[in-house]
Amino acid sequence: MRREELLHHVILLGKAFSARGMDQHLRDLRVYYLALRHGLTSNKLQLNWSEAFVIEWMKMLRVPPFENSYPVLARGEPCPRCPSTAGSSVSTDCVFPGGARMRCQNCGCEWLEHEAPTWVQRHS
Ligand SMILES: [Zn+2]
């Protein structure tokens, strides 16, 4: 991915973090953004962020153009590939405000559980 494109993605992801009040992630992402902008990401900085990490978060928070990367299921739904295995084989990989990334231990399939988006558009 070109750096300009990744920078653009980082900005979009930052907005998604901000909308959910994910302040720590937003701070980390800002450091990554600056490092990226100045071409410092190849240095051995203690950066826990990478292009892959940015893309993964965009997939999880369904930020375009990655909004359809994972299937989205209702909370407690069984694995879409092997529904007969029921909830016992489903684990929560990652939790974030408004949802979670789930994984089937049986087939390795991953999907998202998204709650009703109360974090969007807080009109007062
Ligand atoms: Zn499965």
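Look a little higher up for the structure.
Quick summary incoming for the structure in this document. The shown structure was predicted, so the numbers you read here are calculated from the model rather than taken from an experiment.

1. Re the pairing of strand E3 (residues 99-104)
And then number 1: With six bridges joining them, strand E2 (residues 90-96) and E3 adopt antiparallel strand pairing. Bridge pairing in E3 places Val-90 opposite Cys-104.
And then number 2: Between E2 and E3, which pair antiparallel in sequence order, lie two residues; one of them, Gly-98, sits at a positive phi of approximately 95°.
And then number 3: Pairing between E3 and strand E4 (residues 110-114): five bridges, direction antiparallel. Following the sheet pairing, Ala-100 is matched in E4 by Glu-113.

2. Brief notes about the nonpolar core
And then number 1: In this structure, Val-10, Leu-13, Trp-57, Met-58 and Leu-61 are the most contacted members of the largest nonpolar core, which totals 19 residues.
And then number 2: Among the secondary structure elements, those contributing two or more residues to this core are helix H1 (3-19), helix H2 (23-37), helix H3 (51-60) and E4.
And then number 3: Here this core spans two domains, and each of domain 1 (3-60) and domain 2 (72-114) adds at least three residues to it.
And then number 4: The residues touching Met-58, leaving out its near neighbours within four places in the chain, are His-9, Leu-12, Leu-13, Val-63 and Phe-66.

3. Thoughts on the sheet that holds strand E1 (residues 72-73)
And then number 1: Spatially, E1-E4-E3-E2 is the arrangement adopted by the four strands of the open sheet, whose pairing is mixed. Two strands lie at the open edges of the sheet, namely E1 and E2, each paired on one side alone.
And then number 2: Bridging between E1 and E4 involves two bridges; their strand directions are parallel. What sits directly across from Val-72, in E4, is Leu-112.

4. Regarding H2
And then number 1: Taking 1.5 Å per residue, 15 residues should reach 21 Å; H2 reaches 21 Å between its end C-alpha atoms and fits that length.
And then number 2: Residues of H2 that are buried include every one of His-25, Leu-29, Tyr-32 and Leu-36, and no others. Summarising the axial view, the buried residues of H2 lie within an arc of 60°, below the 170-degree limit, and thus occupy one face. Within H2, the exposed residues directed more than 90 degrees away from the buried face are Asp-23, Gln-24, Arg-27, Leu-34 and Arg-37.
And then number 3: In this fold, the buried residues of H2 make contact with H1.
And then number 4: Immediately downstream of H2, the backbone of Gly-39 shows phi near 65°, a positive value.

Conventions and cut-offs
Residues numbered from 1 in each chain as written. Predicted model: local features only at pLDDT ≥ 70, side-chain atom pairs only at ≥ 80, totals over all residues. Pairing = 2+ DSSP bridges. Helix = DSSP H or I, 4+ residues; strand = E, 2+ residues; numbered from the N terminus. Core = buried A, V, L, I, M, F, W, Y, C linked by C-beta atoms within 7 Å. Buried ≥ 20, exposed ≤ 12 C-beta atoms within 10 Å, placed from the backbone. Domains from an automatic or database assignment. Contact = placed C-beta atoms within 7 Å. Expected span 1.5 Å × (residues − 1). Arc of directions from axis to C-beta.

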